[in-house]
Amino acid sequence: MSTKKLSGSWVLAAGRLMLALLAVLPFALPGFAQSGELRFSLHNEPTTFNPLKVEEDAADTIAYLTGGVLARVNRQSQALEPALATAWKITDGGRTITFTLRRNVYYSDGTPFTADDVAYTVRQLMDPALHSRIADPFRTGSGAVQTKMPAPGRISITFPAPIVGLDRLFDQVVILSAHSPNKEMAVLGPFYVADHKAGAYVLLRRNPNYWKRDAAGRRLPYLDSIRLDIQPNRDAEALRLRRGEIHLINALDSEYYDRLAAYVPGALHDAGPGFDTEQMWFNQVPTAPLPAYKLAWFRSTAFRRAISEAINRADMCRVIYHQHAQPAMGPVSPANHFWFNAGLHAHPYDVQSALRRLQREGFHQQAGSLVDREGHAVEFSILTNAEKKSRVQMAAMIQQDLAKIGIKINLVTLDFPSVIERITQTFNYEAVLLGLVNVDLDPSAQMNVWLSSGDNHQWNPKQASPATAWEAEIDKLMRAQASTMDARQRKAYFDRVQQLVWEQEPFIYLVHKNALSAISQSVVGAQPVVLRPQTYWNIETLQLKDAAGGRGH
Amino acid sequence: MRTARKIAMVVIAATLLVCLNAGFLAPAHYAAEFREAPNAAPSRAHWLGTDALGRDLFSRLLYGTRISLLLAPAAALLSTLLAGFIGGAAGYLGGIWERLAMAAADLVLSLPWLFLLITVRALLPLDVSPLISLAVTFALLGGLGWAAGARVLCAGARGLRNADFVLQARISGMHGLRLFAVHVLPNLKPVLCAQFWISVPVFILSEANLGVLGLGVAEPMPSWGGLMRELESMWSPLHEWWKLAPLLLLVAVTGSLQLLISREELTA
């Protein structure tokens, strides 16, 4: 009896020892780096942990770090790569996409991943009650979205109308669990939310069930945890990086970049021009409460071109952005490898050419001021948001540049909500200087901007019919690019859109800010890029130098 | 104390003298951009260096001081007059008028004035010159700053309401506005003066607060508040000590004004 008992307890003890060894062994092996806590800041409290309801940066960061998607855009190559789906096929003229799902994948809580989860996620996403921003690009036609499972491990999703770039849209769709009791807290991404203290931090821990392995067959991610400190103050964030309390800063301002350069030069990265644009535009809304003669100036292509030529963009890049920006030539940054129209060049700074254009339109100089053919002195206000120092500085530079051709500018700074109210509700403004954040590479994401009927067609939104021939042509081209699946044809259409925007300048594009970031030298494997999230896009393979046994870059 | 007040007087007089002659003393126009030398350290060409756009900081400090130091007293005068009229009349009349005026003062004091200023400023037309926008900013500050002073003046006027000389004036047939103007108001003068001097640094600091938020005086016009916005980007005061000049001047002037107030309060 005792022998039997003894042997039973020995087997149990040996089993426990083996398990303990298995647990400890990986850390004892040379080169194994599954340890360490990466730290960086969120600039606001995440408003949700539901990845389908993401609306702001903090929630987006958590969704990226914790969520699993069917296909992922490689932020470096900008190519779409398999993730939870090993393959996919678009059929039915762009209406249907069929995914082949990866097998033996489990959520962080151990729930198996199946096609049911994808179907559930699509239902949740397209539910109008959810008001998901991520669902907007999928809503191209009226009618329900159908899901079918033609075989185990395969799922077909059919949309009511064709969607261009359909597969790339799934980069944003985090797959929820249909069956887990933990709902959206059960994740397929490299980390899961382990702790959250409102106003202080969000702690993510390594997902032990994450499906991805490195080339040597080791389970990713390497890091044990990520601590996201909620820190709205950019100065404090930069100071903490300087002190070594955090490891990363994304989307760094050029001002902070230069200041940090004195303390942590090796940590700074300039990935070149980013996707975002800073631009100025004139109010062309026919019902705007502006004098008719001013509306006539603002609607004149020659006037807009002259203003554009009188602005010294190179000085802006040098003085305000300390060379961490490039003069912008259009809506698409050169960083967008496929869609950028390489045939365009930045508008030159040429005061004489600007004056000649204005003279041809009947403007002339009178006692040092520019006046139109009816004798009205050319004077207008530029509105911008007070919180953004670089915009106020750009407006101040434009004020000085335009003074050289006799134009008087009143610079008005208001709080951001007041600016938005004026440009979207009351249309009580003359010119405005703002930026546009571009998160999507595909021009279809900009339909709302370029269609004359669009809400975000800012210079003259929601037109019943296009006000000008060139806007009509842009409408036609944008609809054409959205209705063909041929990438080359789409590129040709959108190149022409860029050309028209360059010629007509409804938006006077000023600069593309460079994608600046800071990464502590203790982080191994970082490859900062232009696409968001710039610094931690390859989070699975990041390691900390101390934790990784002193290995460097 | 007398020496300190003398020094305070000298500081204010010298500052006023220099800033009123900004047109002669400033080496450059406040809006002129020397784009080849942004964020420059002090030099012969730029005594206090340049700002982020290459504008001469010494020139901007002179013009900015002129704006802050002339318009803050104007706003203080407006708020003191309003406080004198509302508070004085309420205290003199008493009863329902006093309760109404004090309720209005309490309401104004409880308002988040910063948000109110931001809202009112957002409602203004955009095509106004920087000078008008500047005047409006200070007028708003003055127009919203009467409540605290009104309570003090109300208490002062209430004390005078049944004073012997006021009763005697009433007996001799003097009533209403004339009695208020001839007998009450002159006796409130010391309190009014004290209120005025107290308000001046308050309005200087209020404009500075708005300027730091980027909502003060419109660019390119400088003010102390706008100039101090440059301090936002300072990590080490030792490296760019010259950028502290507007802050030091603000401290010197408001400190001097406080010393002068003590005297007025003693008189009151």
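All values derive from a computational prediction rather than experimental measurement.

Draft legend 1. Just the overall build of chain A, in detail. Within chain A one finds 15 helices and 22 strands. Taken over 553 residues, chain A has a buried fraction of 45%. Considering only contacts within chain A whose residues lie at least 6 apart along the sequence, 66% involve residues at least 24 apart.

Draft legend 2. Expanded view of the overall build of chain B. Along its length, chain B carries eleven helices and zero strands. Beginning at the N terminus, the succession of helices and strands in chain B can be written as α-α-α-α-α-α-α-α-α-α-α. Across its three principal directions, the C-alpha atoms of chain B cover 75 × 45 × 30 Å. Per-residue burial over chain B gives 41% buried out of 268 residues.

Draft legend 3. Expanded view of the sheet that holds strand β5 (residues 96-101) of chain A. Residue and element names in this part refer to chain A. One open sheet accounts for four strands, arranged β4-β5-β7-β6; its pairing is antiparallel. Two strands bound the open sheet, and with one partner strand each, they are β4 (85-91) and β6 (146-148). Here the average twist between neighbouring strands, direction ignored, is 20°. In terms of strand pairing, β4 meets β5 through six bridges, oriented antiparallel. Paired with T91 across the bridge in β5 is T96. Contacts between helix α3 (residues 115-126) and the sheet are confined to β5, β6 and β7 (154-158), with β7 contributing the most and set at about 20° to the helix.

Draft legend 4. Broad picture of the confidence of the model for chain B. Mean pLDDT over chain B: 86, with 94% of residues reaching 70 or higher. Among the scores for the predicted complex, ipTM is 0.80 and pTM is 0.81.

Draft legend 5. Looking closely at the interface of chain B and chain A. At the junction of the two partners, chain B supplies 22 residues and chain A supplies 23 residues. Residues belonging to the side of chain B that touches chain A are distributed by class as follows: 14 nonpolar, four polar and four charged.

Draft legend 6. Looking closely at the nonpolar core. Judged by nonpolar contacts, the single largest core of 205 residues is most densely connected at L70(A) and V432(A). In terms of residue count, helix α3 (residues 57-93) of chain B provides more of this core than any other element does, 17 residues in total. Composition of this core by domain shows at least three residues from each of domain 1 (68-188) and domain 2 (277-514) of chain A.

Draft legend 7. Inspection of the pairing of strand β19 (residues 431-436) of chain A at higher detail. Pairing geometry for strand β13 (residues 277-282) of chain A and β19(A), over six bridges, is antiparallel. The residue of β19(A) that forms the bridge with F282(A) is A431(A).

Draft legend 8. Broad picture of the packing of helix α9 (residues 313-320) of chain A against helix α11 (residues 389-403) of chain A. Residues and elements named next belong to chain A. Contact geometry for α9 and α11: axes closest at 11 Å, N-to-C directions at 140°. For the element pair α9 / α11, the angle class is oblique. The element α9 and its partner α11 pack so that their crossing is right-handed. Mapping the contact onto sequence places D315, M316 and I320 in α9 and S390, Q393, M394 and M397 in α11.

Draft legend 9. Examining unusual backbone geometry more closely. All names here are of chain A. With omega at 0°, the peptide bond leading from L220 into P221 counts as cis. In this structure, the amide linkage connecting R532 to the following residue, P533, adopts the cis form with an omega of -5°. With respect to the helices and strands, P533 occurs in the loop between β21 (523-524) and β22 (543-544). The backbone of A367 sits at a positive phi, close to 50°, despite the residue not being glycine. Structurally, A367 is set in the loop between β15 (364-366) and β16 (369-371).

Draft legend 10. How the structure looks around the pairing of β13(A). All names here are of chain A. The buried fraction of β13 amounts to six of the six residues, a majority that puts the element mostly inside the structure. A two-sided burial pattern is seen for β13, the buried positions comprising T277, Q279 and W281 on one face and E278, M280 and F282 on the other. Pairing of β13 with strand β20 (residues 507-519) involves four bridges; the strand directions are antiparallel. What sits directly across from Q279, in β20, is Y509.

Draft legend 11. Just the domain arrangement of chain A, in detail. All names here are of chain A. Under the domain assignment used here, chain A contains domain 1 (68-188) and domain 2 (277-514). Relative to domain 2, the C-alpha centre of domain 1 lies at a distance of 37 Å. Each partner contributes to the interface: domain 1 provides seven residues, whereas domain 2 provides nine residues.

Draft legend 12. A look at the environment of A288(A). All names here are of chain A. Inspection of the secondary structure assignment puts A288 in the loop between β13 and α7 (292-299). Residues A288 and L169, 119 residues apart in the sequence, show an inter-C-alpha distance of 37 Å. Sequence-distant contacts of A288, defined by excluding residues within four places in its chain, comprise N283, L295 and F427.

Draft legend 13. Just the packing of helix α5 (residues 234-242) of chain A against helix α6 (residues 254-261) of chain A, in detail. All names here are of chain A. Two numbers describe how α5 lies on α6: the axes approach to 11 Å, and their chain directions differ by 30°. Viewed along their axes, α5 and α6 adopt a mutual orientation that is roughly parallel. Relative to α6, the crossing made by α5 is right-handed. On the side of α5, the interface is formed by R234, A238, L241 and R242, while α6 contributes Y256, R259 and L260. The residue inventory of the contact of α5 with α6, partitioned by class, reads four nonpolar, no polar and three charged.

Draft legend 14. Examining the environment of S381(A) more closely. On the secondary structure map, S381(A) appears in strand β17 (residues 379-385). Each C-alpha atom, one on S381(A) and one on V432(A), is 8.1 Å from the other, the two residues being 51 residues apart in sequence. Apart from the residues within four sequence positions on either side, S381(A) is in contact with N410(A), V412(A), E430(A), A431(A), L126(B) and D127(B).

Draft legend 15. Molecular detail of the environment of V497(A). Residues and elements named next belong to chain A. Mapping V497 onto the fold places it in helix α15 (residues 487-504). In sequence terms V497 and I474 are 23 residues apart; their C-alpha atoms lie 5.7 Å from each other. Setting aside chain neighbours within four positions, we find V497 in contact with W450, I474, L477 and M478.

Draft legend 16. Broad picture of the confidence of the model for chain A. Residue and element names in this part refer to chain A. Taken residue by residue, chain A gives an average pLDDT of 90. The fraction at 70 or more is 92%. Within chain A, helix α8 (residues 301-310) carries the highest mean pLDDT (98), whereas helix α1 (residues 2-28) carries the lowest (44). Residue range residues 17-33 is modelled with pLDDT below 50. Its contacts to residues more than four positions away, or to other chains, number ten contacts. Below pLDDT 50 for its whole length, residues 549-553 participates in eight contacts with residues either more than four positions away or in separate chains.

Analysis parameters
Residues numbered from 1 in each chain as written. Chains lettered and ligands numbered in written order. Predicted model: local features only at pLDDT ≥ 70, side-chain atom pairs only at ≥ 80, totals over all residues. Helix = DSSP H or I, 4+ residues; strand = E, 2+ residues; numbered from the N terminus. Buried ≥ 20, exposed ≤ 12 C-beta atoms within 10 Å, placed from the backbone. Contact = placed C-beta atoms within 7 Å. Pairing = 2+ DSSP bridges. Axes fitted to C-alpha atoms, helices over the stretch in contact; angles between N-to-C directions. pLDDT = per-residue confidence, 0-100. Nonpolar A, V, L, I, M, F, W, Y, C, P; charged D, E, K, R; others polar. Core = buried A, V, L, I, M, F, W, Y, C linked by C-beta atoms within 7 Å. Domains from an automatic or database assignment. Parallel < 35°, antiparallel > 145°, perpendicular 65-115°, else oblique. Left-handed = near helix turned anticlockwise from the far one by under 90°.

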